[in-house]
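Architecture and fold: a report
Here's the letter readout for the chains.
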Amino acid sequence: MIIIRTFGVILLLLGLFLAYGLSKDSRLMLFGSKIKADVIGIDSVKHKRFGYLHYPVLQFNYKQKQVRLVNDLSSINPQKVPAHMEIYYKEGIGISNGFTVIYAVFSMISIIMIIFGIIALRTKHVR
């Protein structure tokens, strides 16, 4: 009985931790502005394992101000640099690429872990 409850608590905590990590992207998609940003350059960063990683430098207008920042969420191929990127931006939170497949998969994993954690906690052991 104690093993099932411990397993349920672990699943519930892992699911809640994963959901908390995904909450930043959710807030950006709900409350942020969808902006078409121009890619004006590439920022190359030395990496231990992969050699160099190349991140796009974005420039866009937000609330009558010109914003320039590096999108370090995903690296790009320096030979195939896009001219524009669609991003979600909010001043206090940051940037997001929006609803991606990775976001959808981790959201489903989080929900499943929370549900199974609750089921494991509420299960009554019959002898």
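Here the structure is a predicted model, which means the values were calculated and not measured.

Attention now goes to the packing of aromatic side chains. A complete count under the given rule lists two aromatic pairs for this structure. Measuring from centroid to centroid gives 5.0 Å for Phe-60 and Tyr-89, while their planes differ by 70°, and the two rings are edge-to-face. Of this pair, Phe-60 sits in strand 2 (residues 51-62) while Tyr-89 sits in strand 4 (residues 84-90), placing them 29 residues apart in sequence. The pair formed by Phe-60 and Tyr-89 is uniform in burial state, with each residue classed as buried. Here the aromatic rings of Tyr-62 and Tyr-89 are separated by 4.9 Å at their centres, their planes lie at 85°, and the arrangement is edge-to-face. Of this pair, Tyr-62 sits in strand 2 while Tyr-89 sits in strand 4, and the two are 27 residues apart along the sequence. When sorted by exposure, Tyr-62 lands in the same class as Tyr-89, which is buried. Here the aromatic cluster, defined as three or more aromatic residues joined through ring pairs, consists of Phe-60, Tyr-62 and Tyr-89.

Here we take up the layout of surface pockets. The computed volume of the largest pocket comes to approximately 280 Å³. Lining the largest pocket are 13 residues, and of these Asp-25, Leu-73, Asn-97, Gly-98 and Thr-100 lie nearest its centre. At the level of secondary structure, the elements contributing two or more residues to the lining of the largest pocket comprise helix 1 (2-31), strand 5 (94-96) and helix 2 (101-122). Within the lining of the largest pocket, the residues separate by chemical class into six nonpolar, five polar and two charged.

On the surface, a cluster of nonpolar side chains totalling about 590 Å² of accessible area is made up of Met-108, Ile-111, Ile-112, Ile-115, Phe-116 and Ile-119. Here Ile-112 is to be found in helix 2.

In this section: the sheet that holds strand 5. The sheet built from five strands is open, its strands ordered 3-2-1-4-5 with antiparallel pairing. The open sheet is flanked by strand 3 (65-70) and strand 5, the only strands paired with a single partner. This sheet shows a mean twist of 40° between the axes of neighbouring strands, independent of strand direction. With six bridges joining them, strand 2 and strand 3 adopt antiparallel strand pairing. Paired with Val-57 across the two strands is Val-70, which belongs to strand 3. Contacts from helix 1 reach strand 1 (33-47), strand 4 and strand 5, with the element oriented near 95° to strand 4.

Here the focus is the pairing of strand 1. With six bridges joining them, strand 1 and strand 4 adopt antiparallel strand pairing. Considered in strand 4, the bridge of Lys-34 is made with Tyr-88. For strand 1 and strand 2, the ladder comprises nine bridges, and the chain directions are antiparallel. By the bridge assignment for strand 2, Lys-46 is matched with Tyr-52. Between the antiparallel neighbours strand 1 and strand 2 lie three residues.

Cut-offs applied
Residues numbered from 1 in each chain as written. Predicted model: local features only at pLDDT ≥ 70, side-chain atom pairs only at ≥ 80, totals over all residues. Heavy atoms only, no water. Phe/Tyr/Trp six-rings, centres within 6.5 Å; stacked < 30°, edge-to-face > 60°. Helix = DSSP H or I, 4+ residues; strand = E, 2+ residues; numbered from the N terminus. Buried < 20%, exposed > 50% of the residue type's maximum accessible area, 1.4 Å probe, protein only. 1 Å grid on protein atoms, 1.4 Å probe; cavity = no way out; pocket = protein on both sides within 12 Å on 5 of 7 lines; lining within 4 Å. Points joined across faces, edges and corners; volume = space filled by probe spheres on them. Nonpolar A, V, L, I, M, F, W, Y, C, P; charged D, E, K, R; others polar. Patch = residues over 30% accessible without salt bridge, like charges linked within 9 Å, V, L, I, M, F, W, Y side chains within 5 Å. Areas by Shrake-Rupley, 256 points an atom, 1.4 Å probe, with all protein chains shown as cover. Salt bridge = Lys/Arg side-chain N within 4 Å of Asp/Glu carboxyl O. Pairing = 2+ DSSP bridges. Axes fitted to C-alpha atoms, helices over the stretch in contact; angles between N-to-C directions. Contact = heavy atoms within 4.5 Å.

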